[in-house]
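In case you want the letters, here they are:
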Amino acid sequence: MTVLWEPVLDDEATHWRDLARKLATERFAPLAEELDREQRYPDEHIATFVETGLSGMLVPAEYGGAGLSMTAICAVIEEISAACASTGAILAAHTLGAVPVRLAGTEAQRRDVLGPLTGGTAISFALTEEGAGSDAAALRSRAEADGEGYRLYGEKIYIGNGSVSSRYVVFAKTDPDAGARGITAFIVDADAPGVTIDRIEDKMGIRGTRTSNLKLDGVRAGVDAVLGEVGRGLKLALRTLDLGRVSVAAQGLGLALAAYRLAAAEAVRRRTFGTPLIENQGIGFRLADVAVELSAARMLTYEAARAYDAGEPVSMPGAMAKLYTSEVAHRAVDLAVQVFGGAGFCKPCPAERLYRDQRVLEIYEGSSEIQRLVLSRAIAAEA
């Protein structure tokens, strides 16, 4: 029996979790500090994803992928994020870009886009703009009708896996006067004329990931590049984010778990005033609280994954899981730094890196404030 609550996984999910745990120990954890220090994108980890089938975990079997359940995907992301937050975030972003194609793509689009993902190529989700992050409907990128297709103009920012993806799902206004109902999604090739990436962000944490902008200057998009229905792009984006929040919650579980393990081990090892630090109730009780909260966060996350796998609505459980888990991870990494004391404030202590890696979890895929807004609106409607 362990202190933390453990999810009950089926044989398939257990197999993939165990594989991820082995890879995390042997390949991902040993390079975590180096990737952070050098801000280096880990091409060797992408090769590992391809070698083991993780690159196609969300790709249905008919397109050459593993077609894993969301429960199995959460187990994989949790294990990898506990070893290296950057690598976990890369894998989660790889998954996110495939979601709208799975949800709304034509058969031709699915075969063209999803199949290559198993070979290591990536497709990124390009929604956010300056002044249009939490308020996605305020985006200003536009798609102007041009013969039988469109010309895309605008700039996207904060794109996960940006500059290393071969394609992007871009959201632009096809009808500027229709507000949220005038946005359409397009599949855009990274090497299409008019596509430019000229900024890679220098981030606080998850520094082994690539986060870029994407400029569109008259990029040609034929009708076969339209993803889903014209004017229904924002709805597709929000459905994608519903699932993305579950994967971010799994990232949060991994970071919280890593911080909890570090803090517990150090609190037992370190002695103050002649006794182990954990016997100080100020520390021991905080560890107890994190154990309870981490267990509860796991329950929320795996329940959201189960709901998705069962075809049930995931918007509310996903928002709860993402909100709670990201904030539990915050408290866990804060405690880890505190337990290590001065060493926790300095490199190369893993607690210092985890502290920086965690912070973005409360921002991307919908900030904590947005999750509370989503939930409060649902509460008002129900009441």
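Treat the numbers as computed from the prediction; the structure is a model and nothing was measured.

A short note on the pairing of strand β7 (residues 211–222)
Working step 1: Pairing geometry for strand β3 (residues 149–160) and β7, over 10 bridges, is antiparallel. Its bridge partner being in β7, K156 is matched across the sheet by L214.
Working step 2: Two elements, strand β6 (residues 195–196) and β7, share two bridges in a ladder whose sense is antiparallel. Paired with T196 across the bridge in β7 is K215.

Quick notes on the packing of helix α5 (residues 85–104) against helix α6 (residues 107–117)
For any two helices packed against each other, one specifies the crossing angle of their axes together with the interaxial distance.
Working step 1: The geometry of α5 relative to α6 is characterised by a closest axis approach of 10 Å and an angle of 160° between their N-to-C directions. Comparing their axes, α6 and α5 come out roughly antiparallel. Of the two elements, α5 crosses α6, and the hand of that crossing is left-handed. On α6, the residues touching H94, A98, V101, R102, L103 and A104 of α5 are Q109, R110, V113, L114 and L117.

Quick notes on unusual backbone geometry
Working step 1: In this structure, P348 follows K347 across a cis peptide bond, with omega equal to 5°.
Working step 2: Here P348 lies in the loop between α9 (315–340) and α10 (350–358).
Working step 3: In this structure, Y158 takes a positive phi of about 55° despite not being glycine.
Working step 4: Residue position: Y158 is located in strand β3.
Working step 5: For I206, which is not glycine, the phi dihedral falls at a positive 35°.
Working step 6: Looking at where I206 falls in the secondary structure, it is placed in the loop between β6 and β7.

Considerations on the environment of L54
Working step 1: Relative to the assigned elements, L54 resides in the loop between α3 (43–52) and α4 (70–83).
Working step 2: The class of L54 is buried, set by a relative accessible area of 0%.
Working step 3: A sequence separation of 66 residues divides L54 from G120, and the C-alpha atoms of the two residues are 9.4 Å apart.

What counts, and at which threshold
Note that residues are indexed from 1 along each chain, following the sequence as it is written. Residue-level local features of this predicted model are given only where pLDDT is at least 70; pairs of side-chain atoms are given and counted only at 80 or more, and the full residue set underlies all totals for whole chains, interfaces and linings. The side-chain values count all of the structure's non-hydrogen atoms but skip hydrogen atoms and water molecules. At least two bridges found by DSSP between two strands are what make those strands a pair. Per the convention used, a helix needs a DSSP run of H or I reaching at least four residues, while a strand needs a run of E reaching at least two, with both numbered from the N terminus. Each axis is a line fitted through C-alpha atoms, taken for helices only over the stretch in contact, and angles between the N-to-C directions span 0 to 180 degrees. Angles below 35 degrees are treated as roughly parallel, those above 145 as roughly antiparallel, those between 65 and 115 as roughly perpendicular, and all remaining angles as oblique. Note: crossing handedness is left-handed where the near helix turns anticlockwise from the far helix by less than a right angle, and right-handed where it turns clockwise. Whether two residues touch is decided by their heavy atoms; if any such pair falls within 4.5 Å, the residues are in contact. The cut-offs for exposure are 20% and 50% of the maximum accessible area for each residue type, with area from a 1.4 Å probe on protein chains only; residues under the lower value are buried, those over the upper are exposed, and the others partly exposed.

Function cannot be read off these values alone, since they describe shape.
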